[in-house]
Every structure is written in structure tokens, then in C-alpha cells.
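Next come the chains, spelled out residue by residue.
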Amino acid sequence: MGCCSSSEGKRDWKPLEQRSCTDIPWLIIFFLFCVGMGCICGFTVYTGGALRIVRGYDSYGNTCGRRNSKIEGIELSGRNMTENKYVFFLDPCNIDFLNRKIKSLALCVSKCPDEELKTYFDVKQFSLSNGSDLCSYDLSPTRYVSSSERFTKCPRLPVPPSKAVRVLHRCVPTELSCYAELAQAFVSFVNDSSAIQRVIAGVLASKEIILGLCLLALVLSVVLMVVIRYISKVLIWITTILVILGAVGGTGVLWWLYADHRKALDNATTSVFGKEVVADNVKALLIYAIISTVFTVVLLLVIFFMRKRVALTIALFHVAGKVFIHLPLLALQPFWTFLGLMLFWVYWISIFLFLGISGTPMKSNSTGLVEFQMKQPFQYLVWYHAVGLIWISEFILAFQQMTIAGAVVTYYFTRNKSEIPTLPIVSSTWRAFRYHLGTVAKGSFIITLVKIPRLILTYLHSQLKGKENACARCMLKACVCCLWCLEKCLAFLNQNAYTATAINSTNFCTSARDALGILVENALRVATINSIGDFALFLGKVLVVSCTAFVGVLSLNYQRDYTVWVLPLFIVCLFAFLVAHCFLSVFEIVVDVLFLCFAIDTKYNDGSSGREYYMDKALMEFVEGSKKGGRYKPADGDSREMKKMNI
């Protein structure tokens with residue numbers, strides 16, 4: 001079910017020739033896990049938690065709008081609330097912000113008060129005329145005015161008018177006196193702050209412009225993915241030059257600061273304490289300058305030796321642009337993934353709320369009212385549900401990667417592009433669903449295993465902030481950083497494993513082992529693509545944000561109703577960056593898939609009869625240019641036929 005060793009020996013890759021189900025045991029495990037998630041949902045429905053959230057419940061354990069069973073020890077439980085469909089709080093202002101709940105007594109009523117009730121006589125008249133008792137069940141309406149219990153069992157006066165929420169069946173006051181001072185303070189702050197007024201006025205006056213600029217960012221992101229194929233060479237070399245200039249310039253500035261501080265130290269006439277401070281600064285600058293120099297030298301050497309491999313990155317970017325032209329539906333993958341995540345997260349949050357009141361009704365010792373508490377082993381359902389949030393979310397993201405990999409593999413390994421299926425992205429989705437759900441489940445579970453301890457350590461670090469010693473704080477941060485790096489490395493390996501699975505239909509471990517072997521043989525190329533390529537895509541995101549912000553400034557310049565553009569421009573730039581990130585992250589996945597396909601193609605094919613290349617014309621030109629320049633050499637472990645090639 002999960003060993004990474006294999007007795008298959010060296011694999012002869014045969015793209016798209018065979019297709020079979022992979023990692024079936026893990027598909028069964030994932031299916032059983034999802035069944036467990038469904039059982040938690042059924043548990044909340046069976047124990048009444050879901051119904052209590054939807055219909056509402058009172059402080060005695062009665063669910064509004066239905067007949068209820070008697071709860072032992074609670075006198076006012078087990079009442080028939082068929083006609084009482086709404087929850088009414090006697091003191092809605094009594095809110096416990098720490099525990100996020102209303103501490104007021106809650107009752108089931110047949111109608112919410114639609115006008116302000118100023119006296120207990122008004123409460124009595126409302127009850128008699130509408131049949132909706134706003135005081136505790138054991139206090140009859142005729143005693144509302146005279147009983148001494150009215151101060152604890154009747155609503156706090158004045159009773160504000162309420163509006164019945166149809167979905168959750170709560171009486172929500174339209175005006176709350178307890179918020180009057182807070183609201184007044186906020187209004188006073190806004191009125192007294194001319195800057196706040198201008199910012200808010202700017203957003204309201206420019207809502208059409210903001211919407212138009214967001215649409216512009218969306219269009220620019222789509223256009224950029226197509227245009228990159230034509231400017232990839234210029235973009236990559238600009239990126240390389242900027243990296244070199246940044247490293248050299250930063251090192252030069254550090255040495256200049258060191259020389260300036262050293263000169264100031266030699267000419268210093270301050271006290272001994274002041275000289276010690278300047279000396280410490282000089283030592284620190286010297287250390288930073290040396291580290292920066294070593295880093296710059298290593299960087300320049302790496303760039304010098306990888307300069308011949310930059311052409312491969314350019315060619316991959318060029319082909320990636322063609323992929324989006326032939327497979328335009330790839331651009332919609334972030335939308336469908338986001339929609340799937342949103343639907344799942346809404347479901348997860350709903351069940352999480354249901355679990356909060358799905359326990360056994362217990363009488364609280366402090367208030368004498370009903371509270372719902374889970375007993376063991378049902379308390380572990382919350383942890384199971386939390387793991388489900390991470391695993392299934394990672395599964396949805398991994399399914400997107402498998403779908404994109406399958407579509408790009410189909411494009412790459414189809415020599416005659418006119419024979420590509422009509423909707424390759426749909427075919428890839430169906431293939432991933434039919435054959436490779438087990439592989440997706442296993443890969444996403446590995447990421448979950450790393451992410452859970454990282455999140456736990458992050459939570460502990462936030463809870464112990466200011467309480468632990470410096471050593472413990474450093475150890476926690478180091479563990480979190482190591483787990484974060486491990487997670488990123490595994491995510492990159494998983495993505496390539498999905499590509500190998502899409503090609504050969506092998507299980508996850510075999511695919512990961514084969515993909516890792518290909519990546520190790522092409523380590524310098526991988527480093528080039530993942531450094532220069534990723535930085536080039538980052539520059540593309542910056543380009544989208546800059547163009548959107550520039551157009552925004554020109555557009556907002558003609559809006560004279562306000563003078564502050566901070567918030568409108570911030571909203572537009574944030575949206576532009578998120579949109580560009582979503583689209584270019586798909587572009588990045590396509591480039592990584594293309595590289596693995598190219599590495600496999602050049603390893604197992606030599607262009608001879610019967611072993612023709614699958615690669616695109618742009619990649620073919622790169623290989624031919626490498627042959628002529630004598631720069632293309634087979635990696636260690638290549639086949640004997642590849643070693644005979646004069647490339």
C-alpha cells in the first residue's frame with residue numbers, strides 16, 4: 001500500500017499507452033474517511049445539533065418549532081413548541097465576546113415584537129393580543145405586571161422591535177440600546193476625522209472605477225499568459241540582469257557602509273560607550289558584507305554555469321504560451337478549484353457549528369440552564385473533523401494539479417496537435433477521476449501529515465508568546481520553518497509525481513521515485529527554472545499590479561469628489577495581485593509539467609526512426625542549437641542510446 005521500493009527496475013516510459021487504476025488501497029482509505037465525515041454530519045442530525053442551529057433552541061433545551069422530549073432535571077423542558085418557531089432573547093445586549101455567545105435567557109416565541117415595548121404592561125398586552133409570551137414559561141401573562149419575578153424572568157425594558165430571521169429563526173433587534181454609545185463614538189470619530197471621511201467618500205464615489213479596474217486586472221492576467229510566449233526571452237534575461245544588479249549593488253552598499261562607519265570610528269571623539277556602539281556596528285557590517293560577498297560570488301558562478309540552460313527556460317515559457325492557446329480552459333481551473341474549496345469550507349463550517357451543540361444536554365451548575373456537552377469518545381469527532389478540513393482541501397488542490405498535468409501531458413505527447421481531443425481538460429478531469437483518485441488521495445495525505453504538526457506548533461507558539469524563554473521560542477520557530485520547507489519540497493515532488501502518473505499510470509510511490517530520478521539528473525535545469533522562471537513570473541504579477549495601478553491613478557485623477565486614493569487603490573492592487581497569482585500559478589504548473597515531459601522525451605528518444613521526439617518546435621530548436629554548440633550533454637544514468645548521441 002505504500003512502499004517506495006520497486007522491483008520493476010529501470011522504467012521504459014510509454015506515455016499514454018496504458019491506463020489503469022492507481023493506489024486503489026488509498027482510494028478506499030480516502031473513501032472510508034469521507035464516509036466518516038458523512039457520519040459526523042449524520043451524528044449532528046441524529047442528536048439534533050443541526051436542527052437546533054437551523055430552528056433555534058431555548059435555554060431549557062427545547063428546540064423551537066417542534067415537539068420536544070423531557071430532559072431529566074430540567075423542569076421546563078419537553079414542551080410542545082410547534083407554534084413557537086422563533087428564538088427570543090430577554091437581554092440581547094448581554095454578550096460574552098470571549099466565548100462568542102449571548103448570556104441571556106432564550107425562549108421560543110410565536111412572534112417577535114414588531115414595536116418597542118416600554119413597560120411590563122406593554123409586554124402583557126403583546127402576549128395577550130398575539131399569543132407570544134415574552135417571559136419565562138412558568139410566569140403567566142397575567143402576572144407580568146405584579147410578580148416580583150418579572151425582573152429576572154421577563155425581558156429587559158425597553159424591549160426593542162425585532163425582525164424575524166427566516167432561515168435561522170432568531171428574533172434580531174433592529175435597534176440595540178447597548179450599542180448606542182459604541183455607535184455614537186464611531187460616528188463621532190468618523191465625523192471628527194476628515195481623513196476617514198475622505199477615504200470612505202473615495203470608495204463610495206469610485207465603486208464603478210474599482211469594478212472596472214478589477215475587470216482590467218482579470219483581462220491583463222489572461223493576456224499576460226499569452227504574451228509571455230512572445231516576450232519570454234526578454235523577460236528571462238531582464239530577470240537575470242536584475243538579480244545580478246541587485247546582488248552586486250547590495251554587496252557594494254554594504255561595503256560602502258562598512259567603510260563609512262569604519263572611518264567614523266577612527267575619527268570618533270565620543271565617549272567610550274559611544275565608541276563601543278560604533279565598533280559593534282562596524283563588526284556587524286563587516287560580517288554582513290562578507291556574507292553578501294560570498295553569496296554574490298556563488299550566485300554569479302551559478303548564473304555563469306547555468307547561462308546555457310536559461311535557453312531551456314525561455315523555450316518552456318514559449319511552449320507554455322502555446323499550451324494555453326490550444327487548451328484555453330486551463331485558465332478556468334483556478335475558478336473551479338476556488339468554487340470547490342468554497343463549497344467544501346461552507347459545508348465544513350456548518351458541520352462544525354452543528355457539532356458545538358450536538359452533545360448531551362446537561363444542567364449548568366452556575367446558571368441552572370441547559371448546556372450541551374460532548375462526552376468521550378464523541379469529543380474526538382472535532383479532531384477528526386479538523387483533519388478532514390486539511391486533507392480534503394489538499395485533495396481538491398491536488399486534483400487540480402493532476403488535471404492540469406494530464407491535459408499538458410496529452411498536449412505534449414501528441415505529435416499531431418490536430419488529433420488532440422476536443423476538450424482535453426475535460427478528458428483529463430475524467431481520467432483523473434476514473435483512474436487516479438487514489439494517487440491524489442495519497443499525495444494530499446502526505447502533505448496533510450506535514451501540515452498538521454506545523455499548524456499545531458504555530459498555534460502553540462502564538463499561545464505561549466511572551467511566556468516561553470528565548471531558547472524555546474527559537475526552537476519552535478526553527479521547527480515551524482523546517483516543516484514549512486519540508487512541506488514545500490514535498491508539494492513540488494508531489495506535483496511531479498502526478499505528472500509521472502498522468503504519463504505512465506503508475507502508483508504514487510513509483511511515480512515519485514521515477515520523477516525524483518529525472519529531477520536529480522537535471523538538477524541544474526530544475527534550479528534554473530525554479531529560480532529564474534519563478535522570479536520572472538513574479539515580475540509578471542508585479543507588471544499586472546503596476547499597469548492596473550497606473551490606469552487607476554489616471555482614472556481616479558478625474559474624480560474630484562474626494563482627494564484620498566489610498567483605499568480604492570489598495571483594493572484594486574490587492575485584487576490585481578490575487579488574480580495574477582491565480583492565473584500565473586497555473587502557468588507555473590504548466591511549465592513544470594512541460595519540463596518533466598521534455599526531460600523524459602530527451603532521455604528515451606533520440607530523434608531517430610522509431611524514436612522520434614514528441615517535443616514542440618521551440619524545444620526542438622533548443623536541442624538542435626545545443627547539439628551544434630556542443631552544450632547539451634546527457635545526464636548521468638541516461639540510456640546507452642542517449643550516450644551515443646552527439647548532443
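Visitor: Sorry, what's going on with the overall build of the protein here?
Guide: Helix and strand counts for the protein stand at 19 helices and 8 strands. Counting across all 647 residues of the protein, residues that qualify as buried make up 44%. Of the contacts formed within the protein by residues at least 6 apart in sequence, a portion of 71% connects residues at least 24 apart. Carbon and sulfur atoms form 65% of the exposed surface of the protein, whose accessible area is close to 34,700 Å².

Visitor: In this structure, what is going on with the packing of aromatic side chains? I would like to understand it.
Guide: Any two aromatic rings considered together are summarised by their centre-to-centre distance and by the angle between their planes. Applying the stated rule across the entire model yields 15 aromatic pairs. Taken together through their ring pairs, the aromatic side chains of Trp26, Phe30, Phe33, Tyr384, Trp391, Phe395 and Phe445 make up a single cluster.

Visitor: I tried to follow helix 3 (residues 120-130) on my own but got confused; where do I start?
Guide: Taken residue by residue, helix 3 has Tyr120, Val123, Lys124, Phe126 and Ser127 as its buried positions. The buried residues of helix 3 all sit within an arc of 160° when viewed along its axis, so they share a single face. Buried positions along helix 3 lie against helix 4 (150-153). Among the residues trailing helix 3, Gly131 stands out with phi positive, at a value near 70°.

Visitor: Please explain empty space enclosed by the protein as it appears in this structure.
Guide: In this approach the atoms are scanned with a rolling probe the size of a water molecule, which exposes any empty space left behind. Throughout the structure, instances matching the rule amount to 4 cavities of 30 Å³ or more. Taken as a whole, the largest cavity spans an internal volume of roughly 60 Å³. Taken together, Phe88, Phe89, Leu90, Pro92, Pro155, Arg156, Val159, Pro160, Ser162, Cys171 and Pro173 make up the lining of the largest cavity. Where the lining of the largest cavity is concerned, the elements lending two or more residues are strand 1 (86-89) and strand 6 (171-173). When grouped by side-chain class, the residues that make up the lining of the largest cavity number 9 nonpolar, 1 polar and 1 charged. Roughly 40 Å³ of volume is contained in the second largest cavity. Looking at the second largest cavity, the residues that line it are Met402, Gly406, Ser428, Arg431, Ala432, His436 and Ala502. Looking at the lining of the second largest cavity, the elements that each hand over two or more residues are helix 11 (380-412) and helix 12 (424-435). A per-element tally of the lining of the second largest cavity places helix 12 first, with 3 residues. Considering only residue class, the lining of the second largest cavity consists of 3 nonpolar, 3 polar and 1 charged.

Visitor: Please explain the packing of helix 10 (residues 333-356) against helix 11 as it appears in this structure.
Guide: Axes are the key here: two packed helices are described by the angle between their axes and the distance separating the axes. Contact geometry of helix 10 with helix 11 gives a least axis separation of 10 Å together with a crossing angle of 170°. Classified by the interaxial angle, the pair formed by helix 10 and helix 11 is roughly antiparallel. Counted by class, the contact of helix 10 with helix 11 contains 16 nonpolar, 8 polar and no charged residues.

Visitor: Honestly, the pattern of salt bridges in this entry has me stumped. Any pointers?
Guide: The full count for this structure, using the stated rule, is 10 salt bridges. Where Asp138 meets Lys153, a salt bridge forms, and the shortest distance between an N and an O atom there is 2.7 Å. In this pair, Asp138 sits in the loop between helix 3 and helix 4 while Lys153 sits in helix 4, placing the two residues 15 residues apart along the sequence. Classification of Asp138 as partly exposed rests on a relative accessible area of 36%. Between Glu521 and Lys603 there is a salt bridge, and its shortest N-O distance comes to 2.9 Å. Taken together, the residues Glu521 in helix 15 (residues 508-521) and Lys603 in helix 17 (residues 566-604) connect sequence positions 82 residues apart. Judged by its relative accessible area of 23%, Glu521 falls in the partly exposed class. Owing to a relative accessible area of 8%, Lys603 belongs among the buried residues under this scheme. Taken together, the shared-partner salt bridges in this structure form one network comprising Asp138, Arg143, Glu149 and Lys153.

Visitor: In this structure, what is going on with helix 9 (residues 310-326)? I would like to understand it.
Guide: Residues three or four positions apart in an α-helix share a direction because the helix packs 3.6 residues into each turn. Compared with an ideal rise of 1.5 Å per residue, which puts 17 residues at 24 Å, helix 9 spans 25 Å between its outermost C-alpha atoms and is within 8% of the ideal. Of all 17 residues making up helix 9, 13 are buried, and the element is well covered by its neighbours.

Visitor: Would you take a moment to explain the state of the cysteines for this structure?
Guide: Formally, a disulfide is one covalent bond, and it connects the sulfur atom of one cysteine to the sulfur atom of another. According to the stated counting rule, one finds 3 disulfides in the structure shown. Between the sulfur of Cys112 and that of Cys171 lies a disulfide, 1.9 Å long from S to S. When the S-S torsion is -80°, as for the bridge of Cys112 with Cys171, the disulfide is left-handed. Linking Cys112 in the loop between strand 4 (106-109) and helix 3 with Cys171 in strand 6, this pair joins segments that are 59 residues apart in sequence.

Visitor: Would you take a moment to explain a nonpolar patch on the surface for this structure?
Guide: On the surface, a cluster of nonpolar side chains totalling about 750 Å² of accessible area is made up of Leu329, Leu332, Phe335, Trp336, Leu339, Leu343, Leu423 and Val426. Among the elements that take part in the nonpolar patch, helix 10 stands out by supplying 4 residues, more than any other. Classification of Val426 as partly exposed rests on a relative accessible area of 45%.

Visitor: Is there a simple way to explain the environment of Leu139 in this structure?
Guide: Mapping Leu139 onto the fold places it in the loop between helix 3 and helix 4. For Leu139, a relative accessible area of 2% translates into the label buried. Sequence spacing of Leu139 and Glu149 is 10 residues, and the spatial spacing of their C-alpha atoms is 8.2 Å. If we ignore the near neighbours within four places in the chain, the residues touching Leu139 are Tyr144, Ser147, Glu149, Arg150, Lys153 and Cys154.

Visitor: So what exactly am I meant to see when it comes to the nonpolar core here?
Guide: Generally speaking, nonpolar side chains in soluble globular proteins are found buried as a group. Val323, Leu330, Tyr412, Phe587, Val590, Leu594 and Leu619 are the most contacted members of the largest nonpolar core, which totals 66 residues. Secondary-structure elements contributing two or more residues to this core are helix 7 (207-266), helix 9, helix 11, helix 14 (470-504), helix 15, helix 16 (523-556) and helix 17. When residues of this core are assigned to their parent elements, the largest contribution, 20 residues, is made by helix 17. Excluding residues within four positions of it along the chain, Leu330 makes contact with Val323, Phe324, Ile404, Ala407, Val408, Ile425, Val586 and Val590. Counting 32 residues, the second-largest nonpolar core is a separate cluster that includes Met81, Leu105, Leu134 and Val159.

Calculation notes
Residue indices follow the written sequence of each chain, beginning from 1 at its first position. A pLDDT threshold of at least 70 governs which residues receive local features in this predicted model, and a stricter bar of 80 or more applies before side-chain atom pairs are shown or counted, although totals over entire chains, interfaces and linings include all residues. Side-chain figures throughout are based on the complete set of non-hydrogen atoms in the structure, without hydrogens or water. A run of H or I in DSSP becomes a helix once it reaches four residues, and a run of E becomes a strand once it reaches two; helices and strands are each numbered from the N terminus. Between buried and exposed lies partly exposed: a residue is buried under 20% and exposed over 50% of the maximum accessible area for its type, with that area taken using a 1.4 Å probe on protein chains only. We call two residues in contact whenever any of their non-hydrogen atoms come within 4.5 Å of each other. All accessible areas in this document rest on Shrake-Rupley with a 1.4 Å probe, and a residue is counted as covered only by the protein chains that are shown. Between rings of Phe, Tyr and Trp, where Trp is taken as its six-membered ring, a pair exists when centres lie within 6.5 Å; planes separated by under 30 degrees are stacked, by over 60 edge-to-face, and by other angles tilted. Working note: the arc is built from the helix axis to C-beta atom directions. Here a cavity is any set of points on a 1 Å grid over the protein atoms alone where a 1.4 Å probe fits but cannot get out, and a pocket is any open set with protein on both sides within 12 Å along at least 5 of 7 lines; a residue lines the site when it has an atom within 4 Å of a point. Grid points are joined across faces, edges and corners, and a volume is the space filled by probe spheres set on the points. Asp, Glu, Lys and Arg are counted as charged, while Ala, Val, Leu, Ile, Met, Phe, Trp, Tyr, Cys and Pro are counted as nonpolar; the rest, among them Gly, fall into the polar class. Orientation is described by lines fitted to C-alpha atoms, with helices fitted over the stretch in contact, and by angles between N-to-C directions that extend from 0 to 180 degrees. Comment on the angle field: the value is read as roughly parallel under 35 degrees, roughly antiparallel over 145, roughly perpendicular from 65 to 115, and oblique elsewhere. For this analysis, a salt bridge means a side-chain nitrogen from Lys or Arg found within 4 Å of a carboxyl oxygen belonging to Asp or Glu. For a helix, the expected span equals 1.5 Å multiplied by the number of residues minus one. The disulfide criterion used throughout: a pair of cysteine sulfur atoms within 2.5 Å. Patches draw on residues past 30% relative accessible area with no salt bridge. Two like charges within 9 Å are joined, as are two nonpolar side chains (Val, Leu, Ile, Met, Phe, Trp, Tyr) within 5 Å. Throughout, nonpolar core names a set of buried Ala, Val, Leu, Ile, Met, Phe, Trp, Tyr and Cys residues whose side chains join them through atoms within 4.5 Å.

From the geometry alone we can't say anything about function, so treat these as descriptive.
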